[in-house]
Amino acid sequence: MRTTYAPPRHAQSGFTLVEILIVVVILGVLAAIVAPALAGASREAQIGAFITELKIFADEAEYYSARSGRFLADSSSGNFPPELAGGRIRADDWENGTPLGGSWDVEFDESGITSGVGVHFQGDNPGVPLMADVDARFDDGNLGSGVFQQLTDADRFYWIIAP
């Protein structure tokens, strides 16, 4: 009896197309689940950064007022108040705008207040609901009262230093 030699079969390595497609679908589903959560976390971080910067700027404006006996002069939106030069705030931090968009601004004897520091949105207004959420996190949750208010213009939200 004669036997013939059959070469051993090697196990094939690699993945089939179906296996690769299954992995791609699973990754897509995971990305769809995680992406909205990350976007929400990003917005939460922006709100937190906005509140922190606003408090720093308002504290510096109040400190200036206590030290000098005067309020900051009114400025054009986005222009660094010269009275704050040499303090804790760098001009580029002010001039680069807020984490939520818009420009930092100082109001003096305008918009129904004596003095305030806040944000002026110029065409990029994220809306009253977002700013009401900001207000609820550190003030009274009402943009018409408390220390953080929406001014007479719909696109201005300020920390009121003096009503």
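Residues numbered from 1 in each chain as written. Predicted model: local features only at pLDDT ≥ 70, side-chain atom pairs only at ≥ 80, totals over all residues. Heavy atoms only, no water.

In this section: the overall build of the chain. In terms of regular secondary structure, the chain is built from three helices and four strands. Each helix and strand of the chain, ordered N terminal to C terminal, gives the series α-α-β-β-α-β-β. Whereas a compact globule of 163 residues would reach a radius of gyration of roughly 15 Å, the chain reaches 28 Å, over 25% beyond that. Dimensions of the chain along its principal axes, counting C-alpha atoms only, are 115 × 35 × 25 Å. Among the 163 residues that make up the chain, the fraction classed as buried is 33%. Contacts in the chain between residues far apart in sequence, at least 24 positions, make up 57% of those at least 6 positions apart. In the structure as shown, the chain presents an accessible area of about 9,800 Å², 58% of it carried by carbon and sulfur atoms. Distance between charge centroids for the chain: 17 Å, based on 10 positive and 22 negative side chains. (Helix = DSSP H or I, 4+ residues; strand = E, 2+ residues; numbered from the N terminus. Rg over C-alpha atoms; globule rule 2.2 N^0.38 Å. Buried < 20%, exposed > 50% of the residue type's maximum accessible area, 1.4 Å probe, protein only. Contact = heavy atoms within 4.5 Å. Areas by Shrake-Rupley, 256 points an atom, 1.4 Å probe, with all protein chains shown as cover. Lys, Arg positive; Asp, Glu negative; His and termini not counted. Charge placed at Lys NZ, Arg CZ, Asp CG, Glu CD.)

Let's shift gears to helix H3 (residues 128-138). Taken as a whole, H3 has its buried residues at Leu130, Met131, Val134, Asp135 and Phe138. Axial view of H3: buried residues confined to an arc of 145 degrees, hence all on one face. (Arc of directions from axis to C-beta.)

Pairing is antiparallel in the open sheet, where four strands are placed in the order E1-E2-E4-E3. Looking at the sheet topology across the chains shown, the edges are occupied by strand E1 (103-110) and strand E3 (148-150). Here the average twist between neighbouring strands, direction ignored, is 35 degrees. Two elements, E1 and strand E2 (residues 113-120), share seven bridges in a ladder whose sense is antiparallel. Of the residues in E2, the one forming a bridge with Ser103 is His120. Of the strands in this sheet, E2, E3 and strand E4 (156-162) touch H3, which is tilted by about 160 degrees from E3. (Pairing = 2+ DSSP bridges. Axes fitted to C-alpha atoms, helices over the stretch in contact; angles between N-to-C directions.)

Here the focus is the environment of Phe138. Structurally, Phe138 is set in helix H3. Separated by 83 residues in sequence, Phe138 and Lys55 place their C-alpha atoms 9.8 Å apart. Contacts of Phe138, omitting those with residues within four sequence positions, involve Ile51, Leu54, Lys55, Val147, Phe148 and Trp159.

A separate point is the nonpolar core. Counting 28 residues, the largest nonpolar core has Phe50, Val117, Met131, Val134 and Phe148 as its most contacted members. Elements with a contribution of two residues or more to this core: helix H1 (17-68), E1, E2, H3 and E4. For this core, the leading source of residues is H1, giving eight residues. Setting aside chain neighbours within four positions, we find Met131 in contact with Phe50, Leu100, Val119, Phe121, Pro126, Leu143, Phe148 and Phe157. (Core = buried A, V, L, I, M, F, W, Y, C linked by side-chain atoms within 4.5 Å.)

A positive phi is found at Asp109, a non-glycine position, where the angle reads about 55 degrees. Since its relative accessible area comes to 52%, Asp109 is described here as exposed. The residue Ser111 is not glycine, and still its phi comes out positive at about 55 degrees. Tracing the backbone shows Ser111 in the loop between E1 and E2.

No statement about biological role is implied by the geometric values presented.
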